[in-house]
Amino acid sequence: MTQETPAAPLLETKNLKKYFKVREGWLHAVDDVSVTIAPRKTLGVVGESGCGKSTLGRTILRLLDATEGQILFKGQNILTYNRKEMREMRKKMQIIFQDPYSSIDPRMSVAEIIAEYMLIHKTCSGRTAAFQRTAELMDTVGLARRYAGAYPHELDGGRRQRIGIARALSLDPEFIVCDEPVSALDVSIQAQILNLLMDIQEDRGLTYLFITHDLSVVKHISDEIAVMYLGQCVEYASSDTLFENPMHPYTQALLSAIPEPDIAMRGKKIDIIKGEVASPIDPPAGCRFASRCRHARGVCREKAPALALREEGHLTACHLHEGGCNL
Ligand code: SF4
C-alpha cells in the first residue's frame, strides 16, 4: 500500500515577527510565529483581542512590513519581492475584513466597489466586461443583482459582508485572509456567511487563514487551528484534536467559556481566566501566560516554553507537557 504524500504547503510563515516601536519600547505583536497551510485548507487563528492574530494576517499579506522571518507562498519568500512582483502577488492573496464598510468608499455603488480591483489591475477587457463579471460575482455570493446600484449604507451587515467577499474574489485569488468576517453579524447571518465561505472554498479550491476570537465559529470552518496568546502561538492542532483534547491551559479556558446550547449542560464549570495580562511591550522572559495560569510554577516565570510536538500533529508551548506530563 502506498502512503499519500501530503500536499506541499500553499502558504508558510517561518519565525515571523512583527514588532511596533512605541514610546516605552518594542511591542511584540507577532513573535516568532510559524504556521503552514496546505492548499484548499483552512487554518483558524484564534485568541483574545490584542493577541496579534489580525497583525499576523496583515503581515502575511504584506499590508504591514515584517520585522523578521519568512513568508513563503508556494515555496517563494514573498518578503524578498519588489513592488512590481508584490503587485502581481496581491491578485493571489486577498483579505475579507470584519467590517467591509470601513475599507470601502461609501460614495461608491455596490457594483463599483466590486469592480474596482478588476479595473485597477485591468484583469478584464474593459468596463463592460468588468461589470458583467461583477454581476456574476454577485450571483456567486448570493447578492441580488438589483442591489448593483445601491450604496453600502443602504444594506444590512450580511449583505455588506457579501460585497466584501465578492470584492475579495474579483481577482481570482488562491489565498484569502478572513479577518473576523462574521464577528459583527447576528448569529443567524453568521451561519449563512460561514456556509457561503465554505461553499466558495470548495468550488474555487481556495485556501483560508481564518481569524476569529470565537472558538465556536472557528471549529466549523477550520481544518487546523493555531491558538495565539500575546503574539505567540501556544497550541496548534487539527480542529478535531484541539476540541477533543485541548492541552494548553489557555486553550482549555477558552473552550470552557464557549456557551453550551444543550440546556442540560448549562451548569458546566467555566474555567475563568484570572490575573493581569502581561504587557506585550518588551515582554519578560518566561511563559507569557504565567500571570494568569493556575498551573504556573517557578520555571514558567524563568524560561519560555517552546512550541513542541506533544503527540502526532499536536503542538503546545507549555512546561507541563515537557516529558509527556498532561494536565
Ligand atoms: Fe501555565 Fe507554565 Fe504552561 Fe505557561 S508554561 S501555560 S504558566 S503551566
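Residues numbered from 1 in each chain as written. Predicted model: local features only at pLDDT ≥ 70, side-chain atom pairs only at ≥ 80, totals over all residues. Heavy atoms only, no water.

### Details of the site of the ligand
Alright, step 1. The ligand sits among 13 residues. The nearest are Cys-287, Cys-293, Cys-300, Cys-318 and His-319.
Alright, step 2. Classifying every residue of the shell around the ligand by side-chain character gives 10 nonpolar, 3 polar and no charged. (Near = heavy atom within 4 Å. Nonpolar A, V, L, I, M, F, W, Y, C, P; charged D, E, K, R; others polar.)

### A look at the packing of aromatic side chains
Alright, step 1. The full count for this structure, using the stated rule, is 3 aromatic pairs.
Alright, step 2. When the centroid spacing of 5.0 Å and the interplanar angle of 80° are considered together, the rings of Tyr-229 and Phe-289 count as edge-to-face. Taken together, the residues span a long stretch of sequence, with Tyr-229 in strand E9 (residues 224–229) and Phe-289 in the loop between helix H9 (249–256) and helix H10 (298–302) at a distance of 60 residues. Per residue, the accessibility class of Tyr-229 equals that of Phe-289, and both read buried.
Alright, step 3. Three or more aromatic residues joined by ring pairs form one cluster here, namely Tyr-229, Tyr-250 and Phe-289.
Alright, step 4. A cation over an aromatic ring shows up here: Lys-18 above the ring of Phe-20, its NZ or CZ 4.8 Å from the ring centre. (Phe/Tyr/Trp six-rings, centres within 6.5 Å; stacked < 30°, edge-to-face > 60°. Helix = DSSP H or I, 4+ residues; strand = E, 2+ residues; numbered from the N terminus. Buried < 20%, exposed > 50% of the residue type's maximum accessible area, 1.4 Å probe, protein only. Lys NZ or Arg CZ within 6 Å of the ring centre and 35° of its normal.)

### Side note on the nonpolar core
Alright, step 1. Formed by 57 residues in total, the largest nonpolar core has its most connected members in Ile-165 and Leu-215.
Alright, step 2. Every residue in contact with Ile-165, bar those within four places of it in the chain, is listed here: Ile-96, Val-141, Ile-193, Leu-196, Leu-197 and Ile-200.
Alright, step 3. Ranked by size, the runner-up nonpolar core spans 29 residues in total, among them Ile-71, Ile-78, Phe-175 and Ala-226. (Core = buried A, V, L, I, M, F, W, Y, C linked by side-chain atoms within 4.5 Å. Contact = heavy atoms within 4.5 Å.)

### Description of the pairing of strand E7 (residues 175–179)
As a general feature of sheets, a regular strand has side chains that alternate between the two faces.
Alright, step 1. Counting buried positions along E7 gives 5 out of 5 residues, so the element sits mostly inside the fold.
Alright, step 2. Alternating residues of E7 divide into Phe-175, Val-177 and Asp-179 and Ile-176 and Cys-178, and every residue in both groups is buried.
Alright, step 3. Where strand E6 (residues 93–96) and E7 come together, 4 bridges link them in parallel fashion. Considered in E7, the bridge of Met-93 is made with Phe-175.
Alright, step 4. Taken together, the 5 bridges between E7 and strand E8 (residues 207–212) define a ladder with parallel strand orientation. Along E8, the bridge assignment pairs Asp-179 with Ile-211.
Alright, step 5. Crossover E7 to E8 through helix H6 (residues 187–204) is right-handed. (Pairing = 2+ DSSP bridges. Right-handed = clockwise from strand over helix to strand, strands pointing away.)

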